[in-house]
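Examining the three-dimensional arrangement
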Amino acid sequence: MEKPKKLRAALLSSPGVGHLVPVIELGKRLVADHGFEVTVFVLSSRASHAEAEIIESAMTPKLLDVVELPSPDLSGTGLGPDAAVVTRLTVMMREARPAFRSVIAAMEVQPDVLIVDLFGTEHLCTGDELGIPKYVYVPSNAWFLALFIYSPTLDKEVKGEYVDLTKQLEIPGCKPVRPEDVVDPMLDRSDQQYHEYVRMAGEIPMGDGILLNVWEDLQAETLTALRNEEFLGRIANCPVYTIGPLTRPVRPAGLGTELLEWLDKQPSESVLFVSFGSGGTMSAEQLIELAWGLELSQQRFVWVLRKPTVKSLDGSFFDAGKGGVGDEVLSFLPSGFTERTHNIGFIIPSWAPQMEILSHPSVGGFLSHCGWNSTLESIVNGVPMVAWPLYAEQRLNATLLTEEIGVAVRPKELPSKKIVGREEIKKLVRMVMVEKEGHALRDRVKDLKSSAEKAMAKGGSSYESLCKMKEDCQMRIRHIKKAH
Ligand code: UDP
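We now turn to the structure provided with this report. (Residues numbered from 1 in each chain as written. Predicted model: local features only at pLDDT ≥ 70, side-chain atom pairs only at ≥ 80, totals over all residues. Heavy atoms only, no water.)

Comments concerning the packing of helix H6 (residues 142-157) against helix H15 (residues 394-405)
Keep this limit in mind: To get an axis, fit a line to the C-alpha atoms, keeping to the stretch in contact for a helix; angles then go from 0 to 180 degrees between the N-to-C directions. Strands are runs of DSSP state E lasting at least 2 residues, helices are runs of H or I lasting at least 4, and numbering of each runs from the N terminus. In what follows, roughly perpendicular refers to angles from 65 to 115 degrees, roughly parallel to angles under 35, roughly antiparallel to angles over 145, and oblique to any angle outside these ranges. Throughout, a crossing is termed right-handed when the near helix is turned clockwise from the far one, and left-handed when it is turned anticlockwise from it by less than a right angle. A contact between two residues is defined here by any heavy atoms of the two lying within 4.5 Å. Under the grouping applied here, Gly and all other residues not named as nonpolar or charged are polar, the nonpolar ones being Ala, Val, Leu, Ile, Met, Phe, Trp, Tyr, Cys and Pro and the charged ones Asp, Glu, Lys and Arg.
Two elements in contact, H6 and H15, have axes whose closest approach is 9 Å; the angle formed by their N-to-C orientations is 135°. In terms of axis orientation, H6 runs oblique to H15. As for the relative orientation of H6 and H15, their crossing is right-handed in sense. Contacts between H6 and H15 involve Trp143, Phe144 and Leu147 on the former and, on the latter, Leu396, Thr399 and Leu400. Considering only residue class, the contact of H6 with H15 consists of five nonpolar, one polar and no charged.

A word on the pairing of strand E4 (residues 113-117)
Residues in a regular strand point their side chains to alternate faces of the sheet. Going by this rule: Only protein chains enter the calculation, and the probe is 1.4 Å; a residue is then buried if its accessible area is under 20% of its type maximum, exposed if over 50%, and partly exposed in between. Should DSSP find at least two bridges between two strands, the strands are regarded as paired.
The element E4 is largely enclosed, with a buried count of five among its five residues. The two faces of E4 match: Val113, Ile115 and Asp117 on one face and Leu114 and Val116 on the other face are all buried. Bridge count for strand E1 (residues 8-13) against E4 is four bridges, and the pairing is parallel. Note that in E4 the partner of alanine 10 across the bridge is leucine 114. Examined bridge by bridge, E4 and strand E5 (residues 134-138) share four bridges and lie parallel to one another.

A few points about the packing of helix H1 (residues 17-34) against helix H2 (residues 49-58)
Each packed pair of helices is defined by two parameters, the angle between the axes and the distance between the axes. Interaxial distance between H1 and H2 falls to 10 Å at its minimum, and their mutual angle equals 5°. In terms of axis orientation, H1 runs roughly parallel to H2. On H2, the residues touching Val17, Leu20, Val21, Ile24 and Lys28 of H1 are Ala50, Glu51, Ile54, Ile55, Ser57 and Ala58. Looking at side-chain class alone, the contact of H1 with H2 contains eight nonpolar, one polar and two charged residues.

Considering the sheet that holds strand E3 (residues 65-69)
Here we have seven strands laid out as an open sheet, ordered E3-E2-E1-E4-E5-E6-E7, and parallel in their pairing. The open sheet is flanked by E3 and strand E7 (240-242), the only strands paired with a single partner. Strand after strand, the sheet turns through a mean of 25° between neighbouring axes, direction not considered. Across the sheet, H6 lies against E5, strand E6 (210-212) and E7, angled at about 145° from E6, the strand it touches most. In the packing of helix H18 (residues 461-483) onto the sheet, contacts are made with E4, E5, E6 and E7, and the angle to E7 comes to roughly 140°.

Encoded structure:
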C-alpha cells in the first residue's frame, strides 16, 4: 500500500535568538512526533554568533531544513538607528515578504501549511495566495496572548498612556494587568512600535489557529478565558493550541570541560545561575550592586557577565550582540570581587550553554530576566527563580511567575525602574537558595516539571494538541482541494 504523503510545513521565524529557538524546536517536534516534513525560514543576518550556533545545532541530527532569507534592504523604509525593537522586527519582516514569496515559489515541493511567528502576521496572506492553511505561533504564555489579543480593544477604550493609569487593565476572565507591567510596545502610544503591535494583534485572527508555548495545566484559567465567549468574538475560528513547553535539548558535551568539572565539584542544587537572556543588559551601577549582592549572599554562582551598556535607567535593556568579551567585562566588577569569590563563583563572559547549565544537578536557582524561553528552561529543569524582568513582555512574565505560578521571588521595585540594592539581592538569592520560603518554590517547580513532562509525552495534552492542529490542517487542505 502506498504510504500517505507527509505534510510539508513552512515555518517562518523572525530575527532574534528568543524567536529562533522556539520556532526550530516546534519544527523538530512536528517532524519527530507528527510525521511532518519541515523547512524553517529564518530572517537572520548570521551576524549573531548565537543565532548561527542555534541554526547549526538544529541540523544535528538533521530533522529539518533551514533556509536563510537574504537580509532585506531597509534603506527606503525610514527606519532610524534608534527604532524600537518591535518596529525594527516588523519592518524587517515586512520587507522580507518578496524574498519569502520567491523562495517558496522556487521550492521543488510546495508547502501544505504555513506557520509564522507573532512578528510574521503580515505573511499570513502568503498562505492565502498559496491556498494553504496558516497558523500563528506565539512562543509565549497565555496571559501575554490575552493582553496581546485584547490590545486593539484597549486601544479604543483607554485614553492616555497605559503607564499613567491609576487602575489595572481589565482583560475578560484574566488576572488584571498592572500599568507598570504592560509589554514594552505599550509603554509609549505615540511610538511606531505601539501601532505595529496593535496591528499584529488585529491580524492574528486571519490565521486558522494560534500555537502557544505553554501546556494546559500551567495556565488553565487563563486558557479557559481565552476560549470563552468574550474572547471568541476576537479570535473567532482561531483555536488556541497549547503545544509546550518546547525547549532546546541538552547537548551531552555542551558544558565544556572546565565548567563541567567545576559544577561537578559543587553540592547538589547549591549553585545559582545568573543570566539575562540573549541581550539583557544593565547599568554599571546595577552591575556593581548585583556583584555585591551575590557575594554577600554567600551562595555559589555561575554568572553570564555582559558589559553594562545602559546609559541611564530610561535606556534600552536589550542590546543583542554588544556584550563585552574576554577580560574586558571583569573591569566593571567591584575591586577584588573575582579574587574574593574565586572558590564559589564561575564567570562566563557574554554567552553560556544555558540549557546544559540549568540541567546540571548542582544548579539550584536561576536569577533570570524571565524571557519566556529561559522561564520554560528553568521549569523543565525544576529550578526556582529570582525574577529580574528587563524588556519585552518580561514584567508580565515576572508577575505571572511570582503571583500566579509560584516559582519565583522578585525585587520590590522593577529593576528597569530603580537600582536594586545589594542587601535586597542578597535576601532574594538566599530566599531561593536556602531559606524556608525557597522550599515551597522548589517543590512547586518540581511539580510543574513533571506536569510539563506529562503534557509533552505521547497522549499528554501538548502532544494531543499538536495532533489536533494536524487534523485541523488536513481537514482544511481537503476543503480547499474540494473547493477548487
Ligand atoms: N541563551 C543561551 N545562552 C546565553 C543566553 C541565552 O543559551 O548565554 C539562550 C537561552 O537558553 C534561551 C534563549 O537564548 O533559549 C533566550 O531566549 P529568552 O526568551 O529567554 O530571552 P530573549 O533572549 O529572547 O530575551
